[in-house]
Amino acid sequence: MGPDERDRYVDWLRAVSLLVVVVWHWAFTILRWTPDGPQPTSPLGFLSGLWPLTWLLQVLPMFFYVGGFAHLTAWRRAEARGEGLREFVWAQVRRLVWPAAILVAVWGLLGLTLGQFFDARWVGNTVMLVLSPLWFLGVYVGLLLLLPLSLWSHRRFGVLTLVWLAGTAMVVDVLRFRYGLDWAGWINLVVVWGLAHQTGFFYRDIVDSPRRWDLSLMSAGLFGLAGLVLSGLYPGSMVGVPGDRMSNMAPPTFAIVALLLFQAGLAEVVRPGMEKLLEKPRWQRFCDLANRYALPLFLFHTTGMALARALHYLVVEGGIVDDREPDLVWWLQRPLAVLLPLLFTVVAIAAFGLSRRRPA
C-alpha cells in the first residue's frame, strides 16, 4: 500500500464499529417507563446466557484502535505538508465537536421548552438518555487533545508505553477491587481507551507481522478474557447489564484490555477474506457509503430512536413500555425496530445538513 493510498480495511473496521453500536442501540434497547423517565435495559437483563456475544459486539476497543492508526497516518501526511501539530489537532477536534455541539444545543433547548409543560425531571432524564452516547465522543476528543503526548511517548518509548498503560489499568483495578477505592476506577477511562488508541500506532507492525502473531494476539486476548471472567472478579458481559454488581465499561476495567487484544487479533485473522470482498465494486460502494455517514449516523441515531419511540407511543397505547422478557414476537420485530429509527435518523441528518459533509 502506497503512502497516499487509503487502507480500505481500516475504513471498513471503523465504519462497522460505529454501525454495530448504532444497530445495537436501535434493536436491543428495552425501555422501562418510570416516574423519573425512561430507563433502558437490554435482552442481557433477561437472558444472561447471551453475554459471550458482547465479546464480539462491544466494538469500542476496535474503534479506538483503528482511530489511533488513522490519527497517526493523518498526522504524518499533515506533517509532510508542513502543518503544525497544534493546528492539526484543533482541526480534527473542530470537525467532531461542531455537529455534536449543535445536537446538544437543540436537545437542550427542546428540553427546556418541554420542561415548561411537563415534569422537568422526566424531560431532563429523557434528554440525557438521548445524549448519553456522546460520552464516547467526549473521550475520543480527549484522546485527540492528548495526541502530542501520545506521539511523543510513541517515538520515545515505543511498545513500552503499551506495557505501562496496561500495567496502570491493572493497578487501578487492584485499588478499586482490593482496597475499595471506587473513585480510582475512573482513571481507567483515560488509561484503557488511551491504550486502545496508542495500540493503533502499531497497526502497521501488526499487519506486517507473520500470521501466527495474529493468532497469538487473538488467543492471548481470548484466554485473558476467559481467565478474568471465570475468576469471578469481572462480569462476563462487556456492556453494562442492569442488575449486575458492576460493569466492565463504566468505568472500563482490565477486561477491556483483554478484549482489545482479542479483537485486534481477530481483525487480522479475518483480514484476507474481508479484503477479497472489499475488492468487489459492490462492497467498495458500501464501505464508502458507510464511512461517509458513520459519524452523522452515530451522532443522531438516538434522536431518530427517540422520535420513533414517541410516534409508537402516540399510535399504540402504552407503546413506550416494553418491560418484559423478550419473546418470539419481540425478536421477530427487531428488523422493524431498526427500520423506523433509521428513517427518522436520515431525516435528522438531512435537516442538519450533515449529508453534504465530505468523509474524513
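As recorded in an unreviewed UniProt entry, the protein goes by the name Acyltransferase, listed as coming from Amycolatopsis suaedae.

1. What about the overall build of the protein?
On a plain count of helices and strands, the protein comes out with 16 helices and 2 strands. Its C-alpha atoms give the protein a radius of gyration of 21 Å, near enough to 21 Å, the size a compact globule of 360 residues would have. Along the first, second and third principal axes, the C-alpha set of the protein runs to 60 × 50 × 40 Å. Of all 360 residues assigned to the protein, the portion counted as buried reaches 46%. Across the protein, the fraction of contacts at a sequence separation of at least 24, relative to all contacts at a separation of at least 6, is 79%. Accessible surface computed for the protein: about 18600 Å², of which carbon and sulfur atoms make up 67%.

2. Some details on the pairing of strand β2 (residues 37–41)
Consecutive side chains of a regular strand alternate in pointing toward one face of the sheet and then the other. Bridge analysis of strand β1 (residues 30–34) against β2 gives 5 bridges, and the strand direction is antiparallel. For W33, the partnering residue across the bridge sits in β2 and is P38. Taken together, β1 and the strand that follows it, β2, pair antiparallel across an intervening segment of 2 residues.

3. Points about the packing of helix α1 (residues 8–28) against helix α13 (residues 271–278)
A pair of packed helices is captured by two measures, namely the crossing angle of their axes and the spacing between those axes. Packing of α1 against α13 leaves a shortest axis separation of 10 Å and a crossing angle of 100°. With respect to each other, α1 and α13 are oriented roughly perpendicular. Residues R8, Y9 and W12 of α1 touch α13, and the partners they reach there are R271, M274, E275 and L278.

4. Topic: helix α9 (residues 188–199)
Helix length check: α9, at 12 residues, gives a terminal C-alpha distance of 15 Å against a target of 16 Å (1.5 Å per residue), a fit within 8%. Most of α9 is tucked away, with 10 of its 12 residues classed as buried. On its buried face, α9 is in contact with α3 (60–80), α6 (134–145), α7 (147–157), α8 (160–177), α10 (203–208) and α12 (254–269).

5. Structural notes on a nonpolar patch on the surface
Residues M170, V171, V174, L175, Y179, L181, W183 and I187 make up a contiguous nonpolar surface patch of about 720 Å² in total accessible area. When its relative accessible area of 30% is taken as the criterion, M170 is described as partly exposed.

6. Some words on the pattern of salt bridges
By the definition in use, this model includes 5 salt bridges. With a closest N to O distance of 3.1 Å, R8 and D288 form a salt bridge. Here D288 lies in helix α14 (residues 281–315) and R8 lies in helix α1, a separation of 280 residues in the sequence. The class of R8 is partly exposed, set by a relative accessible area of 29%. A salt bridge links E275 to R271; its shortest N-O distance comes to 2.8 Å.

7. A look at unusual backbone geometry
Cis geometry is adopted by the peptide bond preceding P251, which originates at A250 and carries an omega value of -5°. Mapped onto the elements of the fold, P251 is located in the loop between α11 (211–230) and α12.

8. Regarding the packing of helix α4 (residues 85–115) against α7
One way to put it is that α4 packs onto α7 with a least axis distance of 10 Å and a crossing angle of 125°. What the angle tells us is that α4 and α7 run oblique. Contact residues: L85, F88 and V89 in α4; L147, P148 and L151 in α7. Per-class residue counts for the contact of α4 with α7 are 6 nonpolar, no polar and no charged.

9. Regarding the nonpolar core
Among the nonpolar cores identified, the biggest contains 83 residues, and Y9, F64, Y65, W193 and M238 are the most heavily contacted of them. Beyond its immediate stretch of four places on either side in the chain, Y9 contacts Y203, A267, V270, R271, M274, E275 and L278.

Rules used throughout
- Residues numbered from 1 in each chain as written.
- Predicted model: local features only at pLDDT ≥ 70, side-chain atom pairs only at ≥ 80, totals over all residues.
- Heavy atoms only, no water.
- Helix = DSSP H or I, 4+ residues; strand = E, 2+ residues; numbered from the N terminus.
- Rg over C-alpha atoms; globule rule 2.2 N^0.38 Å.
- Buried < 20%, exposed > 50% of the residue type's maximum accessible area, 1.4 Å probe, protein only.
- Contact = heavy atoms within 4.5 Å.
- Areas by Shrake-Rupley, 256 points an atom, 1.4 Å probe, with all protein chains shown as cover.
- Pairing = 2+ DSSP bridges.
- Axes fitted to C-alpha atoms, helices over the stretch in contact; angles between N-to-C directions.
- Parallel < 35°, antiparallel > 145°, perpendicular 65-115°, else oblique.
- Expected span 1.5 Å × (residues − 1).
- Patch = residues over 30% accessible without salt bridge, like charges linked within 9 Å, V, L, I, M, F, W, Y side chains within 5 Å.
- Salt bridge = Lys/Arg side-chain N within 4 Å of Asp/Glu carboxyl O.
- Nonpolar A, V, L, I, M, F, W, Y, C, P; charged D, E, K, R; others polar.
- Core = buried A, V, L, I, M, F, W, Y, C linked by side-chain atoms within 4.5 Å.

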